[in-house]
Amino acid sequence: MQLISITAMILLLASSDVNAETAAVGALAPNFARPLLDDERINLSLEDYRGQVVYLDFWASWCGPCLIAMPKIEALKQRFEGSDFSVLAINVDRDPKRARRFLNKVEVSYPSVYDATAELPKQYGLQAMPSSYVIDQRGYITLVHEGFRKGDEDLLGAHIQEVLNRVRE
Amino acid sequence: MYANSHVKGLGKLIAFTVLLLAGCQNVEPWERDRLAEPAMQLSADITGSKLDQQVFFSKEAASGGTSAAGGGCGCN
Amino acid sequence: MAKSLKSPLAILSSAAMSMPALSASQPSETLVSVATSIYQEGDARSDAVAFGDQERFEVKTNQFYLSSPIGRNWSGTVSYDNEAMSGASPWGTIEGADGDYQLIMSGASIDDSRNGVDLSLTRHWRKQSIGVSVGYSGEHDYHARSVGITYERDFLKKNTSLGLSASYSTDDITPTDAQLFQRLDSGSKHSRSYYVSINQLLTPVAMINLGLGLTRRDGYLSDPYKLRDVRPGKRLERTFTAQYRHYFDWQSTTLAANYRYFWDSYAIDAHTGDAQLTFGTGSRVEWGPTLRLYGQSAADFYVPWDDYGLEDTIAQSSDHRLSSFGAVSLGLKARFKMGPAHIVARYQQYESKKHLGLRSKTQAHPGLIRFKVVSLGAEYRF
């Protein structure tokens, strides 16, 4: 009896993870408009990218795997140069100065916008840092990717190619 | 020896503690900048901790309190 | 046109490479760490030594540690320690002329070295991990082998993590000069340990880890190098630990505060509390003080001086480590960062204090020690 109640409690706890809301695959990616880290006067919105396949990357200067991912994401961008593919990064540092300091040292050619109120991670139901989303040409999420490990750039590249191919069919 | 009642009691204590703690403030993944600092980790200085453990273990009666339980020595 | 991309790791001096505390996640970087240290005990007071060498222990230690992700789903660690020990050690105590008691120290210096190797391999999944470890530790008269298994599970986006581990070790002792000093020829002991811990993120700046441990030891648990040391052949040890971490914006300060309560079947109770402050967390130089307080009660078979007339089967020991005593330890630690390379320097001074002992009934054991440890290490991350 006691063993059953212990098990029930642990299962209840484990299942609470499943119920967490996340912008799931197949859902429409929440739209937003945020200022560029490099130039606050310019706002970028997700809608601007309608018609393109978008790789949306949430990152922060204190997150190691986020930083390891950056050159690999840049390589992805280079790989699909000429296709309807864009990379947009969203920075969630509490202090944007740290993010800018970091970007000054690591050169990536894709834009980073700044989310001051951290509303976007909530809207996208972020479960971990880093998290990235592949969004298709109509604005729907096709992939949610957590973390960034060795070989992820190949997996992501294959998925992006597949999404790009879908339009042509 | 250790009656099942001890194990059951421990299991209940663990489950209760887990649930109690789970009621704590939820810290979102993007709010963990300060928690992620290396100095904030339990494993902040593994080499130093191992040395301390070895030193204190061989000079005091108490030992343990970490998951690393192996590695004996002829020191006490 | 490809732009040059410097490795982010090389540039960054303060990125948090590993996510909070106990978690099942694969580490994202490789760490190599080496350190060398010297431990030196203060000499025993001359009036406390009845016979033998006053010069106490010195240990030089070299440590190596490597931790790395392996592929996409695995990680491993390797550690190697080498200790070179020298100096005299108490063999026993006798009642002195004034009713106090004195040490009998070993005559010749003990010159020995210990080598230890530990390996671990862990498989990671999204929310859990399983790891196995093996270890070996050997001196010329002492060999220990151990195996262990660890399971970790994350809940609620890693706000809560559960850890379970179990280990088993076998130690064999073959005392030197056994014939000469009528010591035991050889003995062995087996230890089984279990540990459960819960890690909980409390606020964006605070975290706690609670743990319970249980260790069962069976076999030859006495000290063969003492003149008369007979301990029960079974020992059950329990620990409760609480580890707290808090970050303060003031001077980017981290507080690490830990508490352990130990209680065992030898009737020993011990409280251990330590706190460390780190100033300049995340910056090029991190430094700060450490404080540790310790207090233990005596084992129920502890005696201030040996009774050589007792039968061999009756438990009795005058080992100072089983007496009621306490200790205060003060230290200083500094870390200097140069990109992926860090230098770590530590100093610690430990002083036994009789009055911090729990439920003490007898005088201070003359063998209570004080010591200093200095260590210097280097770490490299990539």
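Structure first, text after, so check above.
Positions within a chain are numbered from 1, following the residues in the order the chain's sequence is written. Chains carry letters and ligands carry numbers; both start at the beginning, A for chains and 1 for ligands, and go up in the order they are written. Restriction of local features to residues with pLDDT of at least 70 applies here, the model being predicted, together with a cutoff of 80 or more for giving and counting side-chain atom pairs; totals for whole chains, interfaces and linings are based on all residues.

(A) Spotlight on the pairing of strand β6 (residues 131–135) of chain A. All names here are of chain A. Between the buried cut of 20 or more and the exposed cut of 12 or fewer other C-beta atoms within 10 Å of a residue's own C-beta lies the partly exposed class, and all C-beta atoms are placed from the backbone. Strands here mean DSSP runs of E at least two residues long; helices mean DSSP runs of H or I at least four residues long; both are numbered from the N terminus. Across the 5 residues that make up β6, a large majority, 5, are buried. Of the two faces of β6, the one holding Ser131, Tyr133 and Ile135 and the one holding Ser132 and Val134 are both buried throughout. Relative to β6, strand β3 (residues 53–59) is paired through 5 bridges, and the arrangement is antiparallel. Each bridged residue has a counterpart across the sheet, and for Tyr55 the counterpart in β6 is Val134. Alignment of β6 against strand β7 (residues 141–146), held across 5 bridges, turns out to be antiparallel. Within the sheet, the bridge partner assigned to Ser132 lies in β7 and is His145. The turn linking β6 back onto β7 is made up of 5 residues, and Gly139 within it adopts a positive phi angle of 95°. We treat two strands as partners when DSSP finds at least two bridges between them.

(B) Quick peek at the nonpolar core. Tyr55(A) and Ala60(A) are the most contacted members of the largest nonpolar core, which has 50 residues in total. For this core, the elements supplying multiple residues, two or more each, are β3, α2 (64–79), β4 (85–91), α3 (96–105), β6 and α5 (152–168) of chain A. Per element, the largest residue contribution to this core is 7 residues, and it comes from α2(A). Linking buried Ala, Val, Leu, Ile, Met, Phe, Trp, Tyr and Cys residues through C-beta atoms within 7 Å yields a set, and such a set is a nonpolar core. Of all hydrophobic cores here, the second largest spans 26 residues; its members include Val55(B), Ala298(C), Tyr302(C) and Leu368(C).

(C) Fine view of the sheet that holds β3(A). All names here are of chain A. Here we have 5 strands laid out as an open sheet, ordered β5-β4-β3-β6-β7, and mixed in their pairing. For this open sheet the edge positions go to β5 (112–114) and β7, each flanked by a neighbour on one side alone. Strand-to-strand twist across the sheet, computed as the mean angle between neighbouring axes with direction ignored, equals 20°. Packing of α2 onto the sheet brings it into contact with β3 and β4, and relative to β3 it is tilted by some 165°. Lines fitted to the C-alpha atoms define the axes, with helices restricted to the stretch that makes contact. Angles between their N-to-C directions range from 0 to 180 degrees. C-beta atoms are placed from the backbone for every residue, and two residues are taken to be in contact when these atoms lie within 7 Å.

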